[in-house]
Amino acid sequence: RSRAREAELGEGFKTFISMRYWHPRATQVVQEIVDYKPERVILLPLYPQYSTTTTGSSVREYWEELSYGYNELWSADKKVEETNICCYPTEPGFIAAQAELIAAKLEQATKFGKPRLLLSAHGLPEKIIKSGDPYQFHCELTAKAIIEKLGQSDLDWKNTYQSRVGPLKWIGPSTEEEIEKAGHSKTPLVVAPIAFVSEHSETLVELDIEYRELYEKTGGPFYGRVPAVGTHPAFIKGLANLVRSRISGAACQRVCSAEWKRCPCKPTA
């Protein structure tokens, strides 16, 4: 994906990948960025929807790492412009990529009857959302934009949340429970991850293996899992457009109302 972004942006851009809970971590990547001596740094999250637990946490780790002795080195040669992109829950390229991949799987499902579409995102404890975290609101924006792009007015669909753990109350509806319902009613099912842009344990294991087994045990006729957007050309172009927009001086475009007080973008006038 990083090579695809560099190709889309053209000469003069260098992409660095930093992971939050795996290698390479910010400790390594910040040193690589400092050694590269860029004129400008733009932090681009691979979380389309903002949450304090994901994008917020990752950006905070980057700034904390810089503060561990790098700021002096950073400013020794020149002033470096730094900014970060908050979120892009309805970015046109991201939505177009999602809709194209979903449409192909829906077409397969229709051979078994009228399908149901689950637009699944990673869940969060309800208390985090109630604290003003805009993540669920952003996921709902993404889901509605995808459905509008698909243009199927009679489509049976739900925005659901997966990966629930622990005793706390989590946001819903639950992807797992909705999959079980669809299986019992013999409804062809298509499941699309809308908050994960790459394949990992929660798509390859949870969606592809565990949830598929649950659906098939209940007698469901068709289970189609939509792939993550990955390096889909429309998605990569959308990411490049976000970077170009920020370079041109565009400010963070807040999509949240005042109730989502933990959104990092300033409220519009």
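Scoring rules and cut-offs
Residues numbered from 1 in each chain as written. Predicted model: local features only at pLDDT ≥ 70, side-chain atom pairs only at ≥ 80, totals over all residues. Heavy atoms only, no water. Pairing = 2+ DSSP bridges. Helix = DSSP H or I, 4+ residues; strand = E, 2+ residues; numbered from the N terminus. Axes fitted to C-alpha atoms, helices over the stretch in contact; angles between N-to-C directions. Disulfide = S-S within 2.5 Å. Phe/Tyr/Trp six-rings, centres within 6.5 Å; stacked < 30°, edge-to-face > 60°. Salt bridge = Lys/Arg side-chain N within 4 Å of Asp/Glu carboxyl O. Buried < 20%, exposed > 50% of the residue type's maximum accessible area, 1.4 Å probe, protein only. Left-handed = near helix turned anticlockwise from the far one by under 90°. Contact = heavy atoms within 4.5 Å. Nonpolar A, V, L, I, M, F, W, Y, C, P; charged D, E, K, R; others polar.

Asks: Summarise the sheet that holds strand β6 (residues 223-225); cite the residues concerned and give the values.
Replies: The 4 strands lie next to each other as β4-β3-β5-β6, forming an open sheet whose pairing is parallel. The outermost strands of the open sheet, each flanked by one partner alone, are β4 (156-162) and β6. Each adjacent strand pair in this sheet contributes to an overall mean axis angle of 25°, direction not counted. Relative to β6, strand β5 (residues 189-193) is paired through 3 bridges, and the arrangement is parallel. Note that in β6 the partner of Val190 across the bridge is Gly224.

Asks: Outline the state of the cysteines, listing residues and values.
Replies: Simply put, the disulfide is a covalent bond whose two ends are the sulfur atoms of two cysteines. A complete count under the given rule lists 1 disulfide for this structure. With no disulfide of its own, Cys86 has Cys87 as its nearest cysteine by sulfur position, at a separation of 3.5 Å. No disulfide involves Cys256; its sulfur sits 3.8 Å from the nearest other cysteine sulfur, which is in Cys263.

Asks: Any details on the packing of aromatic side chains? Residues and values, ideally.
Replies: The full count for this structure, using the stated rule, is 7 aromatic pairs. Measuring from centroid to centroid gives 6.0 Å for Phe137 and Trp260, while their planes differ by 20°, and the two rings are stacked. Linking Phe137 in helix α7 (residues 135-150) with Trp260 in the segment after α10 (233-247), this pair joins segments that are 123 residues apart in sequence.

Asks: I'd like to hear about the pattern of salt bridges, residue by residue, with values.
Replies: Inspection of the entire model under this criterion finds 12 salt bridges. Asp156 serves as the salt-bridge partner of Arg116, at 2.8 Å between the closest nitrogen and oxygen. Highlighted residues: Arg116 in strand β3 (residues 116-122) and Asp156 in strand β4, separated in sequence by 40 residues. Exposure remark for Arg116: the relative accessible area of 18% places this residue in the buried category. Overall, the relative accessible area of 26% leaves Asp156 in the partly exposed class. Glu177 is the partner of Arg164 in a salt bridge, and the nearest nitrogen-oxygen pair spans 3.2 Å. With Arg164 in the loop between β4 and α8 (175-184) and Glu177 in helix α8, this residue pair connects regions lying 13 residues apart in the sequence. Each of Arg20, Arg25 and Glu61 takes part in one network of salt bridges that share partners.

Asks: I'd like a rundown of the packing of helix α2 (residues 26-36) against helix α3 (residues 55-67), residues and numbers included.
Replies: Where α2 contacts α3, the two axes come as close as 9 Å, and the packing angle between them is 65°. Judged by the sense of rotation from one axis to the other, the crossing of α2 with α3 is right-handed. Where α2 abuts α3, its residues Ala26, Thr27, Val30 and Ile33 lie against Glu61, Tyr62, Glu65 and Leu66. Tallied by class, the residues present in the contact of α2 with α3 amount to 5 nonpolar, 1 polar and 2 charged.

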